[in-house]
Amino acid sequence: DSQTTFAGTIFARGGDTSGNGGFVEVSGKRDLNFAGTVDTRAPNGLTGTLLLDPDDSIIDVTAASTIVGNLSTTSVVISTSAAGTGGNGDITVNAPVTWSGSNSLTLSAYRDIAVNANITNTTGGAAVTLRADNTGTGVGTVSFGAGIQISTAGAVSIFYNPTSYTAPTSYGGNVTGGAALTASMLVNTFTNLQAVGTNTTTLGGTYALGKDVNAD
(Lines give C-alpha, C1' and ligand atoms only; values in the text may rest on other atoms or scores of the structure.)
Protein backbone atom coordinates (compact mmCIF):
# COMPACT_ATOMS: atom_id res chain seq x y z
CA ASP A 1 0.00 0.00 0.00
CA SER A 2 3.03 2.31 -0.02
CA GLN A 3 5.30 1.95 -3.05
CA THR A 4 5.75 -0.51 -5.90
CA THR A 5 8.46 -0.13 -8.52
CA PHE A 6 8.49 -2.55 -11.43
CA ALA A 7 10.74 -2.43 -14.49
CA GLY A 8 10.82 -6.08 -15.52
CA THR A 9 8.95 -8.21 -18.05
CA ILE A 10 5.95 -10.44 -17.44
CA PHE A 11 4.79 -13.10 -19.90
CA ALA A 12 1.29 -14.57 -19.53
CA ARG A 13 0.70 -15.77 -23.06
CA GLY A 14 -1.70 -18.18 -24.69
CA GLY A 15 -0.39 -21.39 -26.17
CA ASP A 16 0.88 -21.82 -29.72
CA THR A 17 -2.15 -23.89 -30.72
CA SER A 18 -4.89 -22.73 -28.32
CA GLY A 19 -5.62 -20.78 -25.15
CA ASN A 20 -6.11 -17.13 -24.23
CA GLY A 21 -3.64 -14.68 -22.80
CA GLY A 22 -3.56 -14.27 -19.03
CA PHE A 23 -4.32 -11.55 -16.49
CA VAL A 24 -1.50 -9.52 -14.95
CA GLU A 25 -1.89 -7.11 -12.03
CA VAL A 26 0.76 -4.72 -10.76
CA SER A 27 -0.34 -2.81 -7.66
CA GLY A 28 1.01 0.04 -5.60
CA LYS A 29 -1.58 2.26 -4.00
CA ARG A 30 0.24 5.39 -2.88
CA ASP A 31 3.11 5.29 -5.36
CA LEU A 32 3.07 2.94 -8.35
CA ASN A 33 6.12 3.32 -10.58
CA PHE A 34 5.54 0.94 -13.48
CA ALA A 35 8.11 1.02 -16.26
CA GLY A 36 7.94 -2.63 -17.30
CA THR A 37 6.51 -4.61 -20.19
CA VAL A 38 3.73 -7.19 -20.21
CA ASP A 39 3.00 -9.68 -22.99
CA THR A 40 -0.37 -11.48 -22.90
CA ARG A 41 -0.68 -12.22 -26.60
CA ALA A 42 -2.32 -15.44 -27.79
CA PRO A 43 -1.61 -16.65 -31.35
CA ASN A 44 -4.85 -18.67 -31.40
CA GLY A 45 -6.90 -17.02 -28.67
CA LEU A 46 -7.80 -13.74 -27.03
CA THR A 47 -5.15 -11.30 -25.83
CA GLY A 48 -5.06 -10.93 -22.04
CA THR A 49 -5.05 -7.87 -19.80
CA LEU A 50 -2.64 -5.79 -17.72
CA LEU A 51 -4.20 -4.08 -14.68
CA LEU A 52 -2.49 -1.16 -12.95
CA ASP A 53 -4.37 0.04 -9.85
CA PRO A 54 -2.93 3.03 -7.98
CA ASP A 55 -5.02 5.37 -5.82
CA ASP A 56 -4.55 8.19 -8.33
CA SER A 57 -3.19 8.14 -11.87
CA ILE A 58 -1.70 11.10 -13.73
CA ILE A 59 -0.78 10.04 -17.26
CA ASP A 60 2.14 12.27 -18.19
CA VAL A 61 4.54 11.84 -21.12
CA THR A 62 6.50 9.05 -19.39
CA ALA A 63 3.40 7.15 -18.32
CA ALA A 64 1.82 7.56 -21.76
CA SER A 65 4.92 6.10 -23.40
CA THR A 66 4.79 3.08 -21.09
CA ILE A 67 1.09 2.55 -21.75
CA VAL A 68 1.56 2.79 -25.52
CA GLY A 69 4.45 0.34 -25.42
CA ASN A 70 2.33 -2.21 -23.57
CA LEU A 71 -0.74 -1.77 -25.77
CA SER A 72 1.20 -3.47 -28.55
CA THR A 73 1.24 -6.72 -26.56
CA THR A 74 -1.69 -6.55 -24.12
CA SER A 75 -4.92 -4.75 -23.35
CA VAL A 76 -4.45 -2.23 -20.53
CA VAL A 77 -6.74 -1.31 -17.63
CA ILE A 78 -5.91 1.52 -15.22
CA SER A 79 -8.23 1.37 -12.23
CA THR A 80 -7.98 3.76 -9.28
CA SER A 81 -9.35 3.37 -5.78
CA ALA A 82 -9.40 5.38 -2.56
CA ALA A 83 -8.49 2.74 -0.02
CA GLY A 84 -7.53 5.07 2.80
CA THR A 85 -4.06 5.93 1.51
CA GLY A 86 -4.75 9.59 0.82
CA GLY A 87 -5.68 9.48 -2.84
CA ASN A 88 -8.80 10.86 -4.47
CA GLY A 89 -9.16 8.05 -6.97
CA ASP A 90 -8.89 10.32 -10.03
CA ILE A 91 -7.39 9.64 -13.46
CA THR A 92 -5.96 12.58 -15.39
CA VAL A 93 -4.71 12.22 -18.97
CA ASN A 94 -2.15 14.99 -19.53
CA ALA A 95 -0.22 13.49 -22.46
CA PRO A 96 -1.43 11.97 -25.75
CA VAL A 97 -1.89 8.20 -25.89
CA THR A 98 -1.56 6.91 -29.48
CA TRP A 99 -1.32 3.26 -30.50
CA SER A 100 -2.17 0.85 -33.31
CA GLY A 101 -3.73 -2.59 -33.14
CA SER A 102 -6.90 -3.93 -31.53
CA ASN A 103 -5.82 -4.10 -27.87
CA SER A 104 -8.20 -2.07 -25.72
CA LEU A 105 -7.62 0.73 -23.22
CA THR A 106 -9.81 1.09 -20.13
CA LEU A 107 -9.62 3.93 -17.62
CA SER A 108 -11.70 3.18 -14.52
CA ALA A 109 -11.68 5.81 -11.77
CA TYR A 110 -12.98 5.73 -8.22
CA ARG A 111 -14.00 9.35 -8.77
CA ASP A 112 -13.29 11.55 -11.83
CA ILE A 113 -11.63 11.10 -15.22
CA ALA A 114 -10.22 14.26 -16.83
CA VAL A 115 -9.02 13.84 -20.42
CA ASN A 116 -6.72 16.74 -21.25
CA ALA A 117 -4.88 15.10 -24.17
CA ASN A 118 -6.02 13.08 -27.15
CA ILE A 119 -6.48 9.30 -27.03
CA THR A 120 -5.93 7.88 -30.52
CA ASN A 121 -6.05 4.37 -31.96
CA THR A 122 -4.71 4.64 -35.51
CA THR A 123 -5.52 1.15 -36.80
CA GLY A 124 -7.23 -1.94 -35.48
CA GLY A 125 -10.48 -0.50 -34.14
CA ALA A 126 -9.49 -0.76 -30.47
CA ALA A 127 -12.18 -0.27 -27.83
CA VAL A 128 -11.82 2.59 -25.35
CA THR A 129 -13.73 2.63 -22.06
CA LEU A 130 -13.89 5.52 -19.59
CA ARG A 131 -15.62 4.59 -16.33
CA ALA A 132 -16.02 7.20 -13.61
CA ASP A 133 -17.29 6.30 -10.11
CA ASN A 134 -16.28 2.65 -10.42
CA THR A 135 -17.77 1.67 -7.04
CA GLY A 136 -21.10 3.49 -7.44
CA THR A 137 -20.74 6.12 -4.72
CA GLY A 138 -22.68 8.63 -6.81
CA VAL A 139 -19.70 10.99 -7.15
CA GLY A 140 -17.55 11.05 -10.26
CA THR A 141 -17.81 12.09 -13.90
CA VAL A 142 -15.86 12.20 -17.19
CA SER A 143 -14.68 15.53 -18.60
CA PHE A 144 -12.70 16.58 -21.68
CA GLY A 145 -10.50 19.60 -22.22
CA ALA A 146 -11.33 22.02 -25.03
CA GLY A 147 -10.87 20.34 -28.42
CA ILE A 148 -9.74 17.03 -26.90
CA GLN A 149 -10.96 13.86 -28.58
CA ILE A 150 -10.91 10.08 -28.55
CA SER A 151 -10.26 8.80 -32.07
CA THR A 152 -10.84 5.13 -32.91
CA ALA A 153 -12.89 3.00 -35.26
CA GLY A 154 -13.84 0.77 -32.34
CA ALA A 155 -16.40 1.10 -29.57
CA VAL A 156 -16.15 3.97 -27.10
CA SER A 157 -18.00 3.50 -23.81
CA ILE A 158 -18.35 6.30 -21.25
CA PHE A 159 -19.95 5.84 -17.82
CA TYR A 160 -20.57 8.94 -15.68
CA ASN A 161 -22.76 10.68 -13.11
CA PRO A 162 -24.60 13.59 -14.75
CA THR A 163 -25.70 16.78 -13.05
CA SER A 164 -29.26 15.62 -13.78
CA TYR A 165 -30.85 12.79 -15.73
CA THR A 166 -32.78 15.49 -17.61
CA ALA A 167 -29.50 17.00 -18.89
CA PRO A 168 -27.16 14.21 -20.02
CA THR A 169 -23.67 15.25 -21.06
CA SER A 170 -23.11 15.31 -24.81
CA TYR A 171 -19.81 13.59 -25.62
CA GLY A 172 -20.39 13.35 -29.38
CA GLY A 173 -17.95 16.16 -30.12
CA ASN A 174 -15.24 14.36 -28.15
CA VAL A 175 -15.36 11.14 -30.17
CA THR A 176 -14.24 10.74 -33.78
CA GLY A 177 -12.75 8.21 -36.19
CA GLY A 178 -15.97 6.32 -36.84
CA ALA A 179 -16.31 5.07 -33.27
CA ALA A 180 -19.61 3.74 -31.96
CA LEU A 181 -20.20 5.86 -28.83
CA THR A 182 -22.32 4.76 -25.88
CA ALA A 183 -22.47 7.28 -23.02
CA SER A 184 -24.32 5.85 -20.02
CA MET A 185 -25.54 7.75 -16.98
CA LEU A 186 -24.96 5.75 -13.80
CA VAL A 187 -27.79 4.46 -11.62
CA ASN A 188 -26.44 3.84 -8.11
CA THR A 189 -29.49 3.86 -5.82
CA PHE A 190 -33.18 3.01 -5.84
CA THR A 191 -33.87 6.77 -5.80
CA ASN A 192 -31.81 7.08 -9.00
CA LEU A 193 -33.81 4.23 -10.52
CA GLN A 194 -37.08 5.99 -9.71
CA ALA A 195 -35.74 9.22 -11.24
CA VAL A 196 -35.30 7.45 -14.58
CA GLY A 197 -39.09 7.39 -14.86
CA THR A 198 -39.61 11.09 -14.12
CA ASN A 199 -40.69 12.08 -17.65
CA THR A 200 -40.27 11.21 -21.32
CA THR A 201 -36.89 12.95 -21.39
CA THR A 202 -35.42 10.77 -18.64
CA LEU A 203 -37.11 7.65 -20.02
CA GLY A 204 -35.28 8.27 -23.29
CA GLY A 205 -31.85 8.38 -21.65
CA THR A 206 -29.10 5.75 -21.66
CA TYR A 207 -28.24 4.26 -18.27
CA ALA A 208 -26.03 1.67 -16.61
CA LEU A 209 -26.19 0.23 -13.11
CA GLY A 210 -23.23 1.50 -11.11
CA LYS A 211 -23.73 -1.17 -8.47
CA ASP A 212 -26.42 -3.48 -7.10
CA VAL A 213 -29.59 -1.55 -6.22
CA ASN A 214 -31.58 -2.43 -3.10
CA ALA A 215 -35.27 -1.94 -3.94
CA ASP A 216 -36.51 -3.47 -0.67
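In this report, the structure presented in the accompanying data block is examined. (Residues numbered from 1 in each chain as written. Predicted model: local features only at pLDDT ≥ 70, side-chain atom pairs only at ≥ 80, totals over all residues. Heavy atoms only, no water.)

Once that is clear, we can look at the pairing of strand S14 (residues 128-131). On S14, burial covers both faces: Val-128 and Leu-130 on one face and Thr-129 and Arg-131 on the other are all buried. One ladder, built from four bridges, connects strand S11 (residues 105-108) with S14; its direction is parallel. In the sheet register, Leu-105 faces S14, and the bridge partner there is Val-128. Inspection of the sheet shows S14 paired to strand S17 (residues 155-160) by four bridges, in the parallel sense. Each residue of the ladder has a partner; that of Val-128, found in S17, is Val-156. (Buried < 20%, exposed > 50% of the residue type's maximum accessible area, 1.4 Å probe, protein only. Helix = DSSP H or I, 4+ residues; strand = E, 2+ residues; numbered from the N terminus. Pairing = 2+ DSSP bridges.)

Next up on the list: the pattern of salt bridges. Evaluated as defined, the whole model comprises four salt bridges. The salt bridge involving Asp-90 is made with Arg-111; its shortest N-O contact spans 2.6 Å. On the criterion of sequence distance, the pair formed by Asp-90 in the loop between strand S8 (75-79) and strand S9 (91-93) and Arg-111 in the loop between S11 and strand S12 (113-115) is long-range, its members being 21 residues apart. Among the ionic contacts, a cluster of salt bridges with common partners joins Arg-13, Asp-39 and Arg-41. (Salt bridge = Lys/Arg side-chain N within 4 Å of Asp/Glu carboxyl O.)

With that settled, the discussion passes to the side chain of Asn-188. The topology assignment puts Asn-188 in the loop between strand S19 (180-187) and helix H2 (190-196). For Asn-188, a relative accessible area of 3% corresponds to the buried category. Separated by 3.4 Å, the side chains of Asn-188 and Asp-133 make a polar contact. In this structure Asn-188 touches Asp-133, Gly-136, Gly-138, Asn-161, Gly-210, Lys-211 and Val-213, once residues within four positions along its chain are discounted. (Polar contact = N/O pair within 3.5 Å; in protein donor to acceptor, adjacent residues only side chain to side chain. Contact = heavy atoms within 4.5 Å.)

Take the sheet that holds strand S10 (residues 97-99) next. Across the sheet, four strands lie side by side as S10-S13-S16-S18; this open sheet has parallel pairing. The open sheet has two edge strands, S10 and strand S18 (175-176), and neither has a second partner. Strand direction decides the pairing type here: S10 and strand S13 (residues 119-121), joined by three bridges, are parallel. Along S13, the bridge assignment pairs Trp-99 with Asn-121.

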